[in-house]
Amino acid sequence: MRFDEANYLGQLKALLEIDSTTGLYAEIQDYITSQLDALGYPYTLCRKGGVIACMGGEGEPIVVTAHLDDIGLMVRAVNDDGTLQVCKVGGLYPFYCTGMNVRLHTRGGQVYTGTVCRRPASVHVTEEELRDTMPDYRSNVCVVLDQPVRSAQDTRALGIETGDLLALEPRFTRAGDYIKSHFLDDKALVALVLAWMQEVKQAKLPLKRKVYVYFAAYEEIGHGTSWLPEDAVDILALDIAPTGPDQTSQEEKVSIFAMDSRFPYHWEMTNELVSAAKAAGVDYVVDVFTPHYGTDADTSIIAGHDVRHAAMGPGTANSHGYERMHLDGIRSTYALLGAYLEAKI
């Protein structure tokens, strides 16, 4: 398989530029369908948001999934001074987003910019006992709009209200073979799947299985792949592999998931991934992710589907923060996906 780095990075940058806090699926869904139209793959749209494409192929159907939605924030209340009290959508914690620029999307279609700030925001006018307190959405964190507002009435006059969604700026950058950005989870894997689908189409590579690709829109809040095509027998989630002191995952390798905080992955299907990695000479590790991790493969099991489930993905530092990956980990994930699903590599 040929990993086209330039094409991959182009797809990744395009995806990162689209705000897709869970619930804001329309724009990124349109981008995905435009890519599928160009490749000629048929697809269906999920009523709740998300896209399921069919790549064809023979044999028992498998669903490959990578999710479109990002963690983010929602307006909890408009404060008396015109700033915004916010709450997290998915696992975006205040210590990872304080000081970040955001784009606010109203239900009326307006988009405003702002910044996640501490309260008080300036060190020079903050008492010492307040400087070292942990940021908390409920007490000392707010969003300050890039608008001349001084009251709740001023802010509401802009069309901003409780329930509006906010997305962080991704801040993508590359340092050698390291790539850094918010929301590599899971747009790095969406870009990988799109690049792989393009390679399969252009090179006319045969598939071992009938393959569905599910671009899910609600993974970060737990119900992304709660519905599957009725003939599916397996689901393979492509997601990040968080690195840490107790983890075997490394940024330069692909991780095959043995278990997460919910339960073990299917023993035999996981063994098949390991065998495929060994046969293809892919640089891999097996890892266990506890206590705060899960994938959309879990979601399908919890929803009651009679399928086998497995997951894999590149080692990723700083999960749910300013994430970092290495292109070797992406390459290894790409190679293992091909090794597992293609009759010829």
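Residues numbered from 1 in each chain as written. Predicted model: local features only at pLDDT ≥ 70, side-chain atom pairs only at ≥ 80, totals over all residues. Heavy atoms only, no water.

1. Comments concerning the environment of His 105
Within the element layout of this structure, His 105 appears in strand β6 (residues 101–105). Between the alpha carbons of His 105 and Leu 166 there is a distance of 6.1 Å; along the sequence they are 61 residues apart. Apart from residues no more than four positions distant in its own chain, His 105 is found in contact with Asp 19, Leu 24, Gln 110, Val 111, Asp 164 and Leu 165. Within the local environment of His 105, its side chain forms a polar contact with the side chain of Asp 19, the two groups lying 2.7 Å apart. (Helix = DSSP H or I, 4+ residues; strand = E, 2+ residues; numbered from the N terminus. Contact = heavy atoms within 4.5 Å. Polar contact = N/O pair within 3.5 Å; in protein donor to acceptor, adjacent residues only side chain to side chain.)

2. Section: the packing of helix α1 (residues 5–16) against helix α9 (residues 327–341)
A pair of packed helices is characterised by two quantities: the angle between their axes and the separation of those axes. One way to put it is that α1 packs onto α9 with a least axis distance of 12 Å and a crossing angle of 100°. In this view, α1 runs roughly perpendicular relative to α9, as classed from their interaxial angle. On α9, the residues touching Glu 5, Tyr 8 and Leu 9 of α1 are Leu 327, Ile 330 and Arg 331. In terms of residue class, the contact of α1 with α9 is made up of four nonpolar, no polar and two charged. (Axes fitted to C-alpha atoms, helices over the stretch in contact; angles between N-to-C directions. Parallel < 35°, antiparallel > 145°, perpendicular 65-115°, else oblique. Nonpolar A, V, L, I, M, F, W, Y, C, P; charged D, E, K, R; others polar.)

3. Side note on the pairing of strand β17 (residues 308–316)
By the criterion of burial, β17 is predominantly enclosed, with nine of the nine residues buried. One ladder, built from five bridges, connects strand β13 (residues 234–238) with β17; its direction is parallel. Bridge pairing links Asp 234 to Arg 308 in β17. Bridge count between strand β14 (residues 241–242) and β17: two bridges; the pairing is parallel. The residue bridging Ala 241 from the neighbouring strand is Gly 315, located in β17. (Buried < 20%, exposed > 50% of the residue type's maximum accessible area, 1.4 Å probe, protein only. Pairing = 2+ DSSP bridges.)

4. A word on the pattern of salt bridges
One pass over the full model with this rule turns up 18 salt bridges. Of the charged contacts, one joins Asp 298 and Arg 262 as a salt bridge, the two residues approaching to 3.2 Å between their closest N and O atoms. Of this pair, Asp 298 sits in helix α8 (residues 296–302) while Arg 262 sits in the loop between β15 (254–259) and α7 (267–280), and the two are 36 residues apart along the sequence. Accessibility expressed as a relative area gives 0% for Asp 298, which makes it buried. Exposure remark for Arg 262: the relative accessible area of 40% places this residue in the partly exposed category. Arg 331 is the partner of Asp 328 in a salt bridge, and the nearest nitrogen-oxygen pair spans 2.6 Å. You can see Asp 328 and its partner Arg 331 sitting in helix α9, three residues apart, about one turn around the helix. Taking the relative accessible area as the measure of exposure, Arg 331 reaches 27% and is therefore partly exposed. Among the ionic contacts, a cluster of salt bridges with common partners joins Glu 5, Arg 174, Asp 177, Asp 328 and Arg 331. (Salt bridge = Lys/Arg side-chain N within 4 Å of Asp/Glu carboxyl O.)

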